[in-house]
Structure formats: structure tokens, C-alpha cells
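Here is how the chains run, residue by residue.
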Amino acid sequence: MKFDLSAAWNDTIALFNEHKQLLLPLVGVFYFLPEVLSALLITQPDQGEYETFEQVIAGLSETFSENWSLMLVMGLITTVGSLAILWLVTGEKGRSVGDAIKVGLVALIPAFLASLLTSVAMGIGFALLIIPGLYLLGRFSVVATSIVAEDIRNPLTAIGRSWELTKGNGWRITLFLIIVAIVGFVLLLLAELIFGGVLNMVLSGEVATTALAFVSAFFSAIFTTIFVLMAAAIYRQISGHAATSTGGVAS
């Protein structure tokens, strides 16, 4: 069965509409708040101060070395939220936010290990003329979803399951992800520029910076939510909605 991009996008929107009352608290706690804290606590380098690409890279590397522990914590929090949302929207109705968070916590370690393995593989792929990395992006697109939807705890098994499900559709899934990513990035950039300009006109100094952090976190949370729901929609389509587990809370 060929992956249908249009059907996947429609399902993404349908998943949000169906589960939005349960999604909003998860998005607020696991996406919005970490984004705000990261924006306020991590000082981003001013790229306008750099004259060469090498200086930009050096500035970003320095920022990472000074803040890697905070970035890791925020990333883990966001991952728990993503796993919770994926579990919430890929199973039967009647699931609760509390149970979703429990599943996210239980699945965190295998999902984190699987993410490390796939990131290394994709990094090597992108280093090899980019094309292999793009292909792997599609083939690994439902690793996290498989972990929570099918109660998988072995990261290698989850990677294998994603590879099995995406067979014959790797490039179509990659195209779907790239199209939405490009459109979303442009809209996110425009929103931040517009709101940033308005806030800088009506506010000043640290007040404007803090307000912009909240605005940026809001749009970033929306963007992240869409991508997580897209992963769920991809999984639902290529698996035929068939999960090997009923999605009960793992113990």
C-alpha cells in the first residue's frame, strides 16, 4: 500500500480535533513550559557579532557546552510528552492524561536509546551526500510511535518495526515530513518576526525579551505538536491501525 500524504495530513488534523481537550494540558506542560524556560535560561549567541561561518559554529558550540545539561533535561521532558501524546492518540478512546504520562515515563529509556541509534545512523547518512540521511528519516519515522502503540521495550525491536512498516514508502514519508517542515518553519519564522517587531515597539528591554520568549514558545509548541501527530498519523495509516497491544499502562 502506497503512503497517502493527503490522507495522513487529514488524519493529523482529525487526531487533534478528536483529542484536543486531552492534548492541551500535555502540550502546555511538556512543550510550552520547557520552551519558555529554555529561552529564558539559555543565552543564545548573537550571530550578528560573527563575521564567518566558523565563528557562528564556534559560538553555537560554546552555547551547547555551557548548557548541555539543561538542554538534555528539557529534551527528556519533551520526549516524555511526545510519547504520552503518541500513546494517547494511537489507541482506543477513553484514555486519560495521567495514564499517558505514565506510559511516557516508562517508554522514555527505550525511546531515548532508539533515538540515539537512529540519530547516529541518520547523521552518517547525511554526511554521505545527504540523500541516505533523508531516506533514513522516512524509514525511522515511526520508531517512537511503535514503542508506545505496541508496547515495545527493546529499542532495536522498535527500529526494526519501523523499518518493516515503512517498507516501500520511505521516500514518500520523507517528502511528507519535509513539506510540512518547510511550511511550518516559514510560518514560525514569520510569526516570530511579526510578533517580535510589535513587542519591541510597545515594550522594552528584558520585558520585551520575556514576552517574545512566551510567544516563540507558543508557536514552537504548536509546531512540535503537529509533528508528533503526524508521526501518529503515519503509523496509523501504514499499520492499518493494527497495534499488537491494546495500549495498557506498562508496569
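Residues numbered from 1 in each chain as written. Predicted model: local features only at pLDDT ≥ 70, side-chain atom pairs only at ≥ 80, totals over all residues. Heavy atoms only, no water.

Focus on the overall build of the protein chain
So, point 1. The helix and strand tally for the protein chain stands at eight helices and zero strands.
So, point 2. The helix and strand sequence of the protein chain, counted from the amino end, reads α-α-α-α-α-α-α-α.
So, point 3. For 251 residues, the compact-globule estimate of 2.2 N^0.38 gives 18 Å, and the C-alpha radius of gyration of the protein chain, at 19 Å, lies within 12% of that figure.
So, point 4. Along the first, second and third principal axes, the C-alpha set of the protein chain runs to 55 × 45 × 35 Å. (Helix = DSSP H or I, 4+ residues; strand = E, 2+ residues; numbered from the N terminus. Rg over C-alpha atoms; globule rule 2.2 N^0.38 Å.)

Comments concerning the side chain of S141
So, point 1. The topology assignment puts S141 in the loop between helix 4 (131-139) and helix 5 (143-149).
So, point 2. At 2.8 Å, the side chain of S141 and the backbone oxygen of G138 are in polar contact.
So, point 3. The contact partners of S141, leaving out residues within four places of it in the chain, are S162, T166, I173, L177, A231 and I234. (Polar contact = N/O pair within 3.5 Å; in protein donor to acceptor, adjacent residues only side chain to side chain. Contact = heavy atoms within 4.5 Å.)

Notes on the pattern of salt bridges
Pairing is possible between side chains that carry opposite charge, provided their charged atoms lie close to one another.
So, point 1. If you walk through the whole model with that rule in mind, you get five salt bridges.
So, point 2. The shortest N-O distance in the salt bridge between R153 and D151 comes to 3.0 Å.
So, point 3. With a shortest N-O distance of 3.3 Å, E164 and R161 are connected by a salt bridge. Residue E164 and its partner R161 are located together in helix 6 (residues 155-165), separated by three residues, close to a single helical turn.
So, point 4. Given a relative accessible area of 52%, E164 falls into the exposed group.
So, point 5. Residue R161 is classed as buried on the basis of its relative accessible area of 16%.
So, point 6. Taken together, the salt bridges that share partners define one network made up of E150, R161 and E164. (Salt bridge = Lys/Arg side-chain N within 4 Å of Asp/Glu carboxyl O. Buried < 20%, exposed > 50% of the residue type's maximum accessible area, 1.4 Å probe, protein only.)

Overview of the environment of I85
So, point 1. With respect to the helices and strands, the residue I85 is situated in helix 2 (residues 53-90).
So, point 2. When its relative accessible area of 0% is taken as the criterion, I85 is described as buried.
So, point 3. C-alpha separation for the pair I85 and V36, spaced 49 residues apart in sequence, amounts to 20 Å.
So, point 4. Filtering out sequence-adjacent residues up to four positions away, I85 remains in contact with L23, L26, V27, Y31, V228 and L229.

As for the side chain of Q237
So, point 1. Among the secondary structure elements, Q237 is positioned in helix 8 (residues 205-238).
So, point 2. Among the residues examined, Q237 registers a relative accessible area of 16% and is labelled buried.
So, point 3. There is a polar contact of 2.6 Å between the side chain of Q237 and the backbone nitrogen of D4.
So, point 4. Here Q237 is in contact with M1, K2, F3, D4, A7 and A8, once residues within four sequence places are set aside.

Concerning the packing of helix 7 (residues 170-202) against helix 8
So, point 1. Here helix 7 crosses helix 8 at 165 degrees, and the two axes come no closer than 10 Å. Between helix 7 and helix 8, the interaxial angle falls into the category roughly antiparallel. Here the hand of the crossing between helix 7 and helix 8 comes out right-handed. (Axes fitted to C-alpha atoms, helices over the stretch in contact; angles between N-to-C directions. Parallel < 35°, antiparallel > 145°, perpendicular 65-115°, else oblique. Left-handed = near helix turned anticlockwise from the far one by under 90°.)

Thoughts on the packing of helix 3 (residues 97-127) against helix 4
The angle between the axes and the distance between the axes are what describe a pair of packed helices.
So, point 1. Interhelical geometry of helix 3 versus helix 4 gives an angle of 145 degrees and a closest axis separation of 5 Å. Residue-level contacts link A121, M122, G125 and F126 of helix 3 to P132, G133, L134, L136 and L137 of helix 4.
So, point 2. Among the residues forming the contact of helix 3 with helix 4, the class breakdown is seven nonpolar, two polar and no charged. (Nonpolar A, V, L, I, M, F, W, Y, C, P; charged D, E, K, R; others polar.)

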